[in-house]
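Next come the chains, spelled out residue by residue.
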Amino acid sequence: MITKNILQEGIDLYNRRNYSASLAFFLGLSADSDADPVDVSYYLGLCYSKLKRYDDALLYLENVVTSSESDDSINSESEHELDRVLQCRYLLAVIYCITGRKKLADYELNKLLDTGYKPASVYASLAYIAWQQDDVKQCLDYYEQSLALEQNNQTALNGLGYVLACENKDLPKALSFCKKAYEISPNSAAVLDSLGWVYYKLGIMKEARQYLEMAKKIDGDNVEIKAHLAALEQNS
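Each chain carries its own residue numbering, running from 1 in the written order of its sequence. In view of the model being predicted, local features appear only for residues whose pLDDT reaches at least 70, and side-chain atom pairs are presented and counted only at 80 or more, with totals across whole chains, interfaces and linings using the full set of residues. Side-chain numbers here rest on the full set of heavy atoms in the structure, without hydrogens or water.

**Student:** Summarise unusual backbone geometry; cite the residues concerned and give the values.
**Tutor:** Keep in mind that most residues, glycine aside, have a negative phi and that most peptide bonds are trans. We note that Asp 34 has phi near 70°; this positive angle belongs to a residue other than glycine. By definition, any uninterrupted DSSP run of H or I lasting at least four residues is a helix, any uninterrupted run of E lasting at least two residues is a strand, and each is numbered from the N terminus. Mapping Asp 34 onto the fold places it in the loop between helix H2 (19-27) and helix H3 (37-50). Given the relative accessible area of 62%, Asp 34 is considered exposed. Positive phi, close to 55°, is recorded for Asn 168, a residue that is not glycine. Whether a residue is buried, partly exposed or exposed follows from its accessible area with a 1.4 Å probe, protein chains only, as a fraction of its type maximum: under 20%, in between, or over 50%, in that order.

**Student:** Which residues make up the nonpolar core, and what values do they have?
**Tutor:** As used here, the term nonpolar core means buried Ala, Val, Leu, Ile, Met, Phe, Trp, Tyr and Cys residues forming a set that is joined through side-chain atoms within 4.5 Å. Phe 26, Leu 109, Tyr 143 and Leu 160 are the most contacted members of the largest nonpolar core, which has 76 residues in total. For this analysis, residues touch if any pair of their heavy atoms sits within 4.5 Å. Setting aside its immediate chain neighbours within four residues, Leu 160 contacts Leu 140, Tyr 143, Glu 144, Leu 147 and Phe 177.

**Student:** Go over the environment of Arg 16 with me, naming the residues and quoting the values.
**Tutor:** Inspection of the secondary structure puts Arg 16 in the loop between helix H1 (2-15) and H2. Judged by relative accessible area, which is 58%, Arg 16 ranks as exposed. Sequence separation between Arg 16 and Leu 61 is 45 residues; the distance between their C-alpha atoms is 21 Å.

**Student:** Lay out the packing of helix H9 (residues 154-166) against helix H11 (residues 189-202) in plain terms, naming residues and giving numbers.
**Tutor:** Helix-helix packing: each pair is described by the crossing angle between the helix axes and the interaxial distance. Close contact between H9 and H11 brings their axes to 9 Å; oriented N to C, the two are set at 30°. It follows that H9 is roughly parallel to H11 by the angle criterion. The hand of the H9/H11 crossing is left-handed. Two secondary-structure elements touch here, H9 through Gln 154, Asn 158, Gly 161, Tyr 162, Ala 165 and Cys 166 and H11 through Ala 190, Val 191, Asp 193, Ser 194, Trp 197, Val 198 and Lys 201. Lys, Arg, Asp and Glu make up the charged group, whereas Ala, Val, Leu, Ile, Met, Phe, Trp, Tyr, Cys and Pro make up the nonpolar group; the residues left over, Gly among them, are polar. For the contact of H9 with H11, the residue count by class is seven nonpolar, four polar and two charged. Lines fitted to C-alpha atoms define the axes, with helix axes restricted to the stretch in contact, and inter-axis angles between N-to-C directions lie between 0 and 180 degrees. Throughout, the term roughly parallel applies to angles under 35 degrees, roughly antiparallel to angles over 145, roughly perpendicular to angles from 65 to 115, and oblique to all others. Handedness of each helix crossing follows the sense of rotation of the near helix against the far helix: counterclockwise by less than a right angle gives left-handed, clockwise gives right-handed.

**Student:** Give me the pattern of salt bridges: which residues, what numbers.
**Tutor:** A side-chain nitrogen of Lys or Arg and a carboxyl oxygen of Asp or Glu constitute a salt bridge if their distance falls within 4 Å. Considering all chains together, one arrives at six salt bridges under this definition. Note that Asp 170 and Lys 173 form a salt bridge whose closest N and O atoms lie 3.8 Å from each other. Asp 170 gets classed as partly exposed once you look at its relative accessible area, which sits at 42%.

**Student:** Give me the lowdown on the environment of Asn 110, citing residues and values where you can.
**Tutor:** With respect to the element layout, Asn 110 can be found in helix H6 (residues 102-115). Its relative accessible area of 33% is what places Asn 110 among the partly exposed residues. Spatially, the C-alpha atoms of Asn 110 and Glu 150 are 18 Å apart, while their sequence positions differ by 40 residues.

**Student:** Explain the state of the cysteines to me, using residue names and the numbers behind them.
**Tutor:** By convention in this document, the label disulfide applies to cysteine sulfur atom pairs within 2.5 Å. Summed over all chains, the structure comprises zero disulfides. Free cysteine Cys 88: the closest other cysteine sulfur is in Cys 47, separated by 12 Å. The structure places no disulfide on Cys 178, whose sulfur is separated from the nearest cysteine sulfur, that of Cys 166, by 9.5 Å. Residue class for Cys 178 comes out buried when judged on its relative accessible area of 0%.

**Student:** Summarise the side chain of Ser 41; cite the residues concerned and give the values.
**Tutor:** Within the secondary structure layout, Ser 41 lies in helix H3. Here Ser 41 falls in the buried class, since its relative accessible area comes to 6%. Once residues lying within four places of it in the same chain are set aside, the contact partners of Ser 41 are Tyr 60, Asn 63 and Val 64.

**Student:** Before we move on, could you go through the packing of H11 against helix H13 (residues 223-235) and cite the residues and values that matter?
**Tutor:** With their axes 10 Å apart at the nearest point, H11 and H13 run at an angle of 25° to one another. Classified by the angle their axes make, H11 and H13 are roughly parallel. Crossing hand, H11 versus H13: left-handed. Every residue of H13 that contacts H11 at Ala 189, Asp 193, Trp 197 and Tyr 200 is listed here: Glu 224, Ile 225, His 228, Ala 231, Leu 232 and Asn 235. Classifying every residue of the contact of H11 with H13 by side-chain character gives six nonpolar, two polar and two charged.

**Student:** Describe H13, with residues and values.
**Tutor:** For an α-helix, the turn length of 3.6 residues means that residues three or four places apart are oriented alike. A helix is expected to span 1.5 Å multiplied by its residue count minus one. In this model H13 runs 19 Å from its N-terminal to its C-terminal C-alpha over 13 residues, within 8% of the 18 Å that 1.5 Å per residue would give. All buried positions along H13 are accounted for by Ile 225, His 228, Leu 229, Ala 231 and Leu 232. Buried residues of H13, seen end-on, are gathered within an arc of 155° and therefore sit on one face of the element. Of the residues in H13, the exposed ones pointing more than 90 degrees away from the buried face are Val 223 and Gln 234. If you follow the buried residues of H13, they end up packed against H9, H11 and helix H12 (205-218). The directions from the helix axis to the C-beta atoms are what the arc is built from.

Right, dumping it as structure tokens:
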């Protein structure tokens, strides 16, 4: 309880999505603050992740995971603490994916599958890794496994629709998946880009431009969105 009170200001800032201020709070804690160092590492890892400072995030997230592995009392930890460790493993896997460390991501995700932690999300992440490795068959299989577990998993819906579009496979089904993802996350640049790309593949250029332009407004520096818009301009 004492530790929670010490950290509450930083936690509140994080929950209000003021990640920079939350980060500054946790970094500013003195060594003699009596705050649990693992708790501090957890929130620093979350803040750095949200700010896309991935190398810094890895340092703190890995600290949470390794601290639990070296703790003889791990079997007596509360469900909340165990869930936190699993959450950190999942974030590690996502960051490894983003930063191109696919083997490390695959390792973490398979460890999570062994624990039964959020299997739909884990399978969706494994699908992304397979896609990056040009293993289309495995990618599609993982996305389908994800949706079999959680039919409204936005990441899997969007990913499966996008991959089907890229492969020119069953475009009406690809459109259906991407529309469902859009209903769940209408302000996601990735979802808007995928929906626009499916419309482009279907030859419906007005809608393709609408959604790709919306994606660009949200994430104008995204290389993939730029490439899709360039393809649209070239073929309009």
